[in-house]
Amino acid sequence: MKFALFVGCKIPACVPQYERAARSVLGRLGVELIDLDFGCCGYPSRHLRLDAYLALACRNLAKASARHLDVLTLCQCCYGSLRHALHLLRHEPG
């Protein structure tokens, strides 16, 4: 099983041990984590400019999709942001 690991900005800056633990446990379970050149999930701009938020979030989703990978994130804000963007793309394409 492979996933693109999206750690966001807060995990590495504030709780790097969270990422280390996740990598260790998931590695032992046979999960392969692929590091991609992800950027901001868009959460900080979500309520300021919808177009900017979607551009940031969709860029990350497209990077994973191009490699045929699902995204695994450790941050609840990143998860919500990427999930919301995916919902908007699927249900409100305009």
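Conventions used here
- The residue numbering used here restarts from 1 in each chain and proceeds along that chain's sequence as written.
- In keeping with the predicted nature of the model, local features appear solely for residues at pLDDT of at least 70, side-chain atom pairs appear and are counted solely at 80 or more, and the whole-chain, interface and lining totals rest on all residues.
- With hydrogens and water excluded, all non-hydrogen atoms of the structure serve as input to the side-chain values.
- Side-chain atoms within 4.5 Å link the members of a nonpolar core, which is a set of buried Ala, Val, Leu, Ile, Met, Phe, Trp, Tyr and Cys residues.
- Note on classification: 1.4 Å probe, protein chains only; a residue is buried when its accessible area is under 20% of the maximum for its type, exposed when over 50%, partly exposed between these limits.
- Only DSSP runs of H or I covering at least 4 residues are called helices, and only runs of E covering at least 2 are called strands; the numbering of each starts at the N terminus.
- In this analysis, two residues are considered to be in contact whenever any of their non-hydrogen atoms come within 4.5 Å of each other.
- An expected span of 1.5 Å times one less than the residue number is assigned to each helix.
- Regarding the arc, it is the one traced by the directions from the helix axis to the C-beta atoms.
- In this scheme Phe, Tyr and Trp rings, the latter by its six-membered ring, pair at centre separations within 6.5 Å, and the angle between planes marks the pair as stacked below 30 degrees, edge-to-face above 60, and tilted otherwise.
- For helices, the axis comes from a line fit to the C-alpha atoms of the stretch in contact; other axes are also lines fit to C-alpha atoms, and the angle between any two N-to-C directions lies between 0 and 180 degrees.
- By definition in this entry, angles of less than 35 degrees are roughly parallel, angles greater than 145 are roughly antiparallel, angles of 65 to 115 are roughly perpendicular, and the rest are oblique.
- As a working rule, the residues Ala, Val, Leu, Ile, Met, Phe, Trp, Tyr, Cys and Pro are called nonpolar, Asp, Glu, Lys and Arg charged, and the rest polar, with Gly in that last group.

(A) Up close: the nonpolar core. Ranked by size, the top nonpolar core spans 25 residues in total, and within it Ala-4, Phe-6, Leu-33, Leu-36, Phe-38, Leu-74 and Leu-82 carry the most contacts. Residue assignment for this core shows that the elements contributing at least two residues are β1 (2-6), α2 (16-28), β2 (32-35), α3 (50-66) and α4 (76-91). Those residues in contact with Leu-36 that lie beyond four places of it in its chain are Ala-4, Lys-63, Ala-64 and Arg-67.

(B) Examining α3 more closely. Across its 17 residues, α3 extends 23 Å between first and last C-alpha, which sits within 8% of the 24 Å expected from 1.5 Å per residue. Burial in α3 covers these residues: Tyr-53, Ala-57, Cys-58, Asn-60, Leu-61 and Ala-64. Seen along its axis, α3 keeps its buried residues to an arc of 155°; they face one direction. Buried residues along α3 sit in contact with β1, β3 (70-73) and α4. Immediately beyond the C-terminal end of α3, within one or two residues, lies His-68, with a positive phi of roughly 60°.

(C) Structural view of the packing of aromatic side chains. Tallied over the entire structure, the rule returns one aromatic pair. A centroid spacing of 4.9 Å and a plane angle of 55° characterise the contact between Phe-6 and Phe-38, whose relative ring orientation is tilted. Of the two residues, Phe-6 is situated in strand β1 and Phe-38 in the loop between β2 and α3; the sequence distance between them amounts to 32 residues. In this structure, Phe-6 and Phe-38 share a single accessibility class: buried.

(D) Looking closely at the environment of Arg-46. By the secondary structure assignment, Arg-46 is in the loop between β2 and α3. Judged by its relative accessible area of 22%, Arg-46 is partly exposed. Here the alpha-carbon distance between Arg-46 and Val-25, two residues 21 residues apart in the chain, equals 32 Å.

(E) Spatial organisation of the packing of α3 against α4. It is at 9 Å that the axes of α3 and α4 come closest, and there the two elements cross at 100°. As the angle between them shows, α3 and α4 are arranged roughly perpendicular. Contacts between α3 and α4 involve Leu-50, Tyr-53, Leu-54, Ala-57, Cys-58, Asn-60 and Leu-61 from the former and Ser-81, Leu-82, His-84, Ala-85, Leu-86, Leu-88 and Leu-89 from the latter. Residue classes in the contact of α3 with α4 are distributed as 11 nonpolar, three polar and no charged.

(F) Layout of the environment of Val-71. Residue placement: Val-71 occurs in strand β3. Residue Val-71 is classed as partly exposed on the basis of its relative accessible area, which comes to 28%. Along the primary structure Val-71 and Cys-9 are separated by 62 residues, whereas in three dimensions their C-alpha atoms are 15 Å apart. Residue contacts for Val-71: discarding those within four places in its chain leaves Ala-4, Phe-6, Phe-38, Leu-61, Ala-64 and Leu-82.

Without other data, these values stay purely geometric and don't point to any function.
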